[in-house]
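Chains, contacts and geometry: an overview
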Amino acid sequence: MTEVATKQNLLNLDRAGLEQFFADTLGEKRYRAHQVMKWIHHRHVTDFNEMTDLGKALRAKLEEHAEVRVPQVQFEKPSTDGTHKWLLGMDGKNAIEAVFIPDKGRGTLCVSSQVGCALNCQFCSTATQGFNRNLSTAEIIGQVWVAARHLGNVPHKMRKLTNVVMMGMGEPLMNFDNVVRAMSIMRDDLGYGLANKRVTLSTAGVVPMIDRLGAESDVSLAVSLHAPDDELRSRLVPLNRKYPIEQLMDACVRYALRKKGESVTFEYTLMKDVNDQPEHARGLLRLMRDFDRRVQMKDAAKVNLIPFNPFPGTRFERPDEEAIRGFQKLLNKAGMIAPVRRTRGDDIDAACGQLKGQVADRTRRQAEHNKRLQAQSAAAAGGIDAAV
């Protein structure tokens, strides 16, 4: 029985990879790869027969050896505030979510890097679904392709997609090669033409990979900090036990010192009576001031305050508005810019920390979370019966 050759999904290739494929597999000149890249990412065309500036012979070769396979939209939902969420099928058992957030003068797409997440941050809805696998480059850039087509985005003109943040499902630095290749396509003029600073990678703090990112890519870095000391952060972000705050901050300093004027954003999710007290604000302030001093630049450390977004089964709560503003005011009085991120898309469960796809869990976390939900429902029902 002869084995059928697998076609190359061209979404998996950045410019260099596509040029090599055209030269080695198709025997074509590199500029042909550039033409096809524009057809795919600028015009959102996946049928080679519609690529009208390619000759018939080349189109026949492409049909034989290649394909453009994009993620399938299983479900999409707009929010009342303009946010748009897609559930995208990755294979028979798995699906992920991507979210577009429009704002004044910008449109940001939140992109996933894994099916579920290998980490187990206690306040994140994605963590409750466990983990299945890394996404391929095609599955990552495919999220951008789907959103760009939906928006009618045209690179280098009045574009609607202006920023991409790797802040969706998963830890991007634990899928390093595929994420870096996808971000290269996002920033390529033949891809989506985004400036380096408009592509942001968010990490929980995989220290060795932060250094590797600094050596191999040039994007904005955001760090999910959420606590000013190791004792609290290790409870909220288990990865901290492996890479404690001192090591994490050292890596962030190295990243910022790569080039003049580079800043790092530190994300801090505020949870009621957990990390929202004045002593936590003062501890955060000390960390940020020390970072600025070491980088030798004012406001090298930027802080985003994110009020916790609840999800079913969580034990955490959102602080009241007074506590949120009090925390922010303490930082502002010390001269630190610390905006409170406005909650967007919470009516469609698309807010920060709320993303959940469909994960064929290879851990026990999803089963354990479902068991807790059932116990909570049973306890609530028992309370209602008793009251009746």
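Residues numbered from 1 in each chain as written. Predicted model: local features only at pLDDT ≥ 70, side-chain atom pairs only at ≥ 80, totals over all residues. Heavy atoms only, no water.

Looking at the packing of aromatic side chains
By convention here, two paired aromatic rings are described through the distance between centres and the angle between planes. Applying the stated criterion across every chain, the model contains five aromatic pairs. Between Phe21 and Phe22, the ring centres sit 6.2 Å apart and the planes meet at 75°, which makes this aromatic pair edge-to-face. Neither residue differs from the other here; Phe21 and Phe22 are each classed as buried. Residues Phe266 and Phe291 carry aromatic rings whose centres are separated by 5.4 Å and whose planes lie at 80° to one another, so their mutual orientation is edge-to-face. Linking Phe266 in strand 12 (residues 264-270) with Phe291 in helix 9 (residues 278-295), this pair joins segments that are 25 residues apart in sequence. A network of ring pairs unites the aromatic residues Phe308, Phe311 and Phe316 as a single cluster. A cation sits over an aromatic face here: Arg43 above Trp39, 4.2 Å from the ring centre. Sitting above the plane of the Tyr255 ring, Arg258 keeps its charged end 4.0 Å from the centroid. (Phe/Tyr/Trp six-rings, centres within 6.5 Å; stacked < 30°, edge-to-face > 60°. Buried < 20%, exposed > 50% of the residue type's maximum accessible area, 1.4 Å probe, protein only. Helix = DSSP H or I, 4+ residues; strand = E, 2+ residues; numbered from the N terminus. Lys NZ or Arg CZ within 6 Å of the ring centre and 35° of its normal.)

What to know about helix 2 (residues 30-41)
Spanning 12 residues, helix 2 covers 17 Å between terminal C-alpha atoms, matching the ideal 16 Å at 1.5 Å per step. Counting buried residues in helix 2 gives nine out of 12 residues, a clear majority hidden from the surface. Within helix 2 the residues assigned to the buried category are Arg32, Ala33, His34, Gln35, Val36, Met37, Trp39, Ile40 and His41. Packing partners of the buried residues in helix 2 comprise helix 1 (15-24), helix 3 (56-65), helix 4 (137-151) and helix 5 (176-187). (Expected span 1.5 Å × (residues − 1). Contact = heavy atoms within 4.5 Å.)

What to know about the pattern of salt bridges
This structure, assessed with the given rule, holds 21 salt bridges. Taking the shortest distance from any N to any O, the salt bridge between Asp91 and Arg133 comes out at 2.9 Å. Taken together, the residues span a long stretch of sequence, with Asp91 in the loop between strand 4 (84-89) and strand 5 (95-103) and Arg133 in strand 8 (residues 131-134) at a distance of 42 residues. Glu267 is the salt-bridge partner of Arg341, the closest N and O atoms lying 3.2 Å from each other. Residue Arg341 is found in the loop between helix 10 (321-333) and helix 11 (365-387), and its partner Glu267 is found in strand 12; the two are separated by 74 residues along the sequence. Judged by its relative accessible area of 26%, Arg341 falls in the partly exposed class. Where salt bridges share partners, they join Asp218, Arg258, Lys259 and Glu262 into one cluster. (Salt bridge = Lys/Arg side-chain N within 4 Å of Asp/Glu carboxyl O.)

Points about unusual backbone geometry
Phi angles above zero are rare outside glycine, and His226 is one such case at about 70°. Secondary-structure assignment places His226 in the loop between strand 11 (220-224) and helix 7 (230-236). The buried category is assigned to His226, whose relative accessible area is 4%. In this structure, Asp273 takes a positive phi of about 60° despite not being glycine. Summarising the element assignment, Asp273 is placed in the loop between strand 12 and helix 9.

Regarding the packing of helix 8 (residues 245-256) against helix 9
As a packed pair, helix 8 and helix 9 sit with axes 10 Å apart at the nearest point and diverge in direction by 40°. The chirality of how helix 8 crosses helix 9 is right-handed. Counted together, Ile245, Met249, Asp250, Cys252, Val253 and Ala256 of helix 8 and Leu287, Met288, Phe291, Arg294 and Val295 of helix 9 form the full contact between these two elements. Residue composition of the contact of helix 8 with helix 9, by class: nine nonpolar, no polar and two charged. (Axes fitted to C-alpha atoms, helices over the stretch in contact; angles between N-to-C directions. Left-handed = near helix turned anticlockwise from the far one by under 90°. Nonpolar A, V, L, I, M, F, W, Y, C, P; charged D, E, K, R; others polar.)

Some remarks on the UniProt feature "binding site: [4Fe-4S] cluster" (unreviewed entry) in the protein
Per the UniProt record, the feature "binding site: [4Fe-4S] cluster" (unreviewed entry) sits at Cys117, Cys121 and Cys124. Take Cys117: it is sitting in the loop between strand 7 (114-116) and strand 8. Checked against the element boundaries, Cys124 lands in the loop between strand 7 and strand 8. (UniProt positions renumbered as here; feature names shortened; annotations may be inferred.)

Details of helix 10
Working note: α-helix, 3.6 residues per turn, so residues spaced by three or four point in the same direction. Taking 1.5 Å per residue, 13 residues should reach 18 Å; helix 10 reaches 18 Å between its end C-alpha atoms and fits that length. Looking at the buried side of helix 10, the elements it contacts are strand 12, helix 9 and strand 13 (301-307). Gly335 sits one or two residues past helix 10 and shows a positive phi near 95°.

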